[in-house]
Amino acid sequence: MIGRIKLWSVPGLFSTLNLCISSHCCLQQTTRFASLPATTTKSRLLMERSSDVHLRINDESDRFQLAFLYHVPDVRLNKQLQFTRNLSESVGTFLNRLSMKVNTAVHKKQKKNKKPAETVDEATSNVSSESLTVNLIKNGAVVSESVLCKEVFTCDDDSKVALQIGDQLYTILINYPWIQTINLPKCIMAGYPVFPSKFVSYYTDEAESQFDWHRQLQKGYELVSSGIVYVPSVSDIGHKLKLICTPKRNGVAGIPMEIISSSEVDAGPGFCPFETRHAFTRAALTNDSFRVVTYNILADLYASSETGKNELFSYVPPYALSMDYRKQLIMKELIGYNADIISLQEVDCRIFDVDLHRCLKTNGYDGEFAKKGGQVSEGVATFFKKSRFKLVSCDKLTLGEDSHELSYLSHIWDAVSKDESLYAKLKERTTAAQILLLDYLDKPNHKLIVANTHLYFHPSADHIRLLQAAICLGFINNLLNRLNSEDPNSKISVVFCGDFNSTPECGVYKLFTTNFVPETYHEWKYENCSENDLKLSLHNPISFESACGTPEFTNYTRLFAGCLDYIFYQKDLLTVEQVIPFPAKEDVMKHVGIPSVVFPSDHIALVADLAWK
């Protein structure tokens with residue numbers, strides 16, 4: 001039976017016990033409400049020595065979460081209690097619910113201890129339900145049970161709030177750094193970077209938070225590294241890893257949480273062909289030179305689809321096709337190139353947020369993402385080394401939706417509009433492009449425009465891709481003219497990367513490298529075109545060249561092999577210093593095609609060193 005809660009005054013309580021709450025408890029933000037993480041042996045809040053109650057308020061749903069450790073030495077109780085209540089309920093209702101939870105925990109522990117009844121009564125008299133006192137205390141005075149919780153739990157003043165349970169006093173910390181969820185990938189391999197596959201937190205600065213990695217021993221764990229990214233060593237093979245994260249913000253720490261890997265560290269795939277390429281990129285570039293990578297990393301939504309698994313990539317072992325495996329190879333490959341610019345295509349939204357941005361950020365990069373239009377959850381991403389470049393602006397556009405009303409592209413859309421079917425197809429395409437303007441930090445008054453796109457893929461759509469390329473070039477040229485007009489003293493050059501889904505025989509390559517496509521070009525005689533064909537000539541005022549030339553293939557699968565990816569650079573202002581050699585064809589063909597256990601994508605990364613003239 002639960003006794004009635006007694007409310008009484010405790011004069012001078014806070015001055016005696018120094019239960020002051022830092023002003024940082026007012027770090028509020030609007031968040032989506034979710035339940036507390038389960039405290040299992042693999043993922044649990046570490047509150048063993050905590051004397052605080054952590055309370056998180058959700059402004060949108062009128063709810064608050066509570067978590068604290070209830071400790072009763074006499075019955076060897078060390079119970080973490082957590083639950084969710086309504087801010088609109090009364091303090092009396094809340095305390096009665098809390099009292100029930102506390103008494104239930106004590107009674108369960110007493111029963112588990114299996115002590116004689118008389119011993120239990122004697123040993124636990126101080127936690128008897130009849131004498132247990134539960135109070136909320138604000139600024140030294142007991143709060144009336146008729147007061148609403150939302151009037152007590154606020155962060156808009158300097159109030160000091162505490163919870164009393166029996167003779168124990170807990171400081172209530174409102175909206176302190178809080179970890180909601182943390183997970184580790186199922187696949188962890190020696191030599192490949194590992195980091196949380198999921199990290200959801202509130203009121204937390206991830207960069208300030210503490211991440212400690214431990215290796216499992218025969219008894220216990222030993223600390224092996226600190227930082228959000230860890231590269232397991234050979235010594236870790238056969239051992240599980242434990243990650244302990246302490247969330248922090250503005251010097252304030254919240255409850256640590258630990259997660260233990262579900263599997264042991266594996267030896268990995270052995271030597272990967274991209275490691276041979278790393279021999280050419282061990283040194284980072286400086287001064288006038290910078291390294292550029294473009295890479296279609298194969299979006300998981302395509303690889304894991306039924307078509308991907310059963311048709312396109314049926315030759316790939318399921319584990320090697322999973323993104324949990326492939327992303328580790330992708331990260332190691334990208335980091336080993338020591339690039340200054342990294343342009344990626346087929347980037348899943350989640351992979352950008354959780355994996356690419358987090359891992360590359362620890363290696364000195366910042367990045368921007370442009371999602372495709374419509375409901376497609378992938379897009380393009382461009383990263384740049386912060387020690388070499390500073391972001392000035394980033395334009396993101398969906399080529400169909402965002403370009404048809406731009407006046408400087410009207411000649412394209414006017415010609416296309418004469419064929420209603422073509423107009424609709426071009427406008428409905430979800431193709432994304434991003435154009436970054438970067439200050440080149442090693443050379444004053446030098447700027448770099450970096451464009452990135454992934455053109456429409458359909459085999460019979462060369463004319464669509466040509467139109468999309470023209471739209472991109474029109475946008476870039478308009479930006480270039482405006483920048484030169486605003487600052488004639490700046491030297492601005494252009495690098496355009498991407499998966500253009502076009503071989504060197506196509507109009508896209510011709511437009512980039514010869515600057516002109518006539519209205520009589522054969523790609524305007526597309527399937528089901530009108531009788532008069534498409535009367536459109538295209539001019540490209542920027543002198544481009546392909547930095548890596550036209551290799552035999554940049555995409556190699558069982559069904560197709562060809563050159564689809566390019567790094568186009570402005571040849572009147574830039575020059576090529578080095579092209580990183582491609583993998584040997586026999587390596588690519590060894591497992592039928594790519595991806596494979598040693599190639600994480602169906603494309604090959606293009607890597608070139610450029611320099612200002």
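Residues numbered from 1 in each chain as written. Predicted model: local features only at pLDDT ≥ 70, side-chain atom pairs only at ≥ 80, totals over all residues. Heavy atoms only, no water.

## Brief notes about unusual backbone geometry
For the bond from Ile 594 to Pro 595, the omega torsion is 10°, close enough to zero to count as cis. Among the structural elements, Pro 595 can be located in the loop between α16 (585–589) and β32 (606–612). In the Ramachandran plot, Tyr 203 falls in the positive-phi region, its phi being about 55° despite a non-glycine side chain. A relative accessible area of 1% places Tyr 203 in the buried class. (Helix = DSSP H or I, 4+ residues; strand = E, 2+ residues; numbered from the N terminus. Buried < 20%, exposed > 50% of the residue type's maximum accessible area, 1.4 Å probe, protein only.)

## A short note on the nonpolar core
Ile 449, Leu 467, Phe 496, Phe 512, Trp 524 and Leu 538 are the most contacted members of the largest nonpolar core, which totals 50 residues. Elements with a minimum of two residues in this core: α12 (410–416), α13 (420–428), β22 (432–440), β23 (446–454), α14 (462–486), β24 (491–499), α15 (507–514) and β30 (565–570). Take this core: its biggest share by element is 13 residues, from α14. Judged by nonpolar contacts, the second largest core, of 46 residues, contains Tyr 192, Cys 272, Tyr 337 and Phe 383. (Core = buried A, V, L, I, M, F, W, Y, C linked by side-chain atoms within 4.5 Å.)

## Concerning the sheet that holds strand β5 (residues 134–138)
The sheet built from seven strands is open, its strands ordered β4-β3-β2-β8-β7-β5-β6 with mixed pairing. Single-partner strands in this sheet number two, and they are β4 (77–86) and β6 (141–142). Both strand β2 (residues 52–58) and strand β3 (residues 63–72) contribute to a ladder of five bridges, which runs antiparallel. Residue Leu 55 lies in a different strand from β3, and its bridge partner there is Leu 66. Lying over the sheet, helix α2 (residues 91–113) contacts β3, β4, β5 and β7 (161–165), oriented at roughly 155° with respect to β4. (Pairing = 2+ DSSP bridges. Contact = heavy atoms within 4.5 Å. Axes fitted to C-alpha atoms, helices over the stretch in contact; angles between N-to-C directions.)

## Description of the pairing of β30
Regular strands show a simple pattern: their side chains alternate between the two faces of the sheet. Most of β30 sits out of view: six of its six residues are buried. Neither face of β30 is open: one carries Asp 565, Ile 567 and Tyr 569, the other Tyr 566, Phe 568 and Gln 570, and all of them are buried. Sheet topology note: the β24/β30 ladder contains five bridges and is antiparallel. Along β30, the bridge assignment pairs Gly 498 with Tyr 566. Direction of pairing for strand β27 (residues 544–546) relative to β30: antiparallel, over a ladder of three bridges. Looking across to β30, one finds that Ser 546 is bridged to Phe 568.

## Details of the sheet that holds β22
Taken in spatial order, the six strands line up as β21-β22-β23-β24-β30-β27 in an open sheet, and their pairing is mixed. Where the open sheet ends on each side, the last strands, each with one partner, are β21 (389–398) and β27. Sheet twist, expressed as the average angle between the axes of neighbouring strands with direction ignored, equals 20°. Across the sheet, α14 is in contact with β21, β22, β23, β24 and β27; its angle to β24 comes to roughly 165°.

Note that all results are geometric; they support no functional claim without further evidence.
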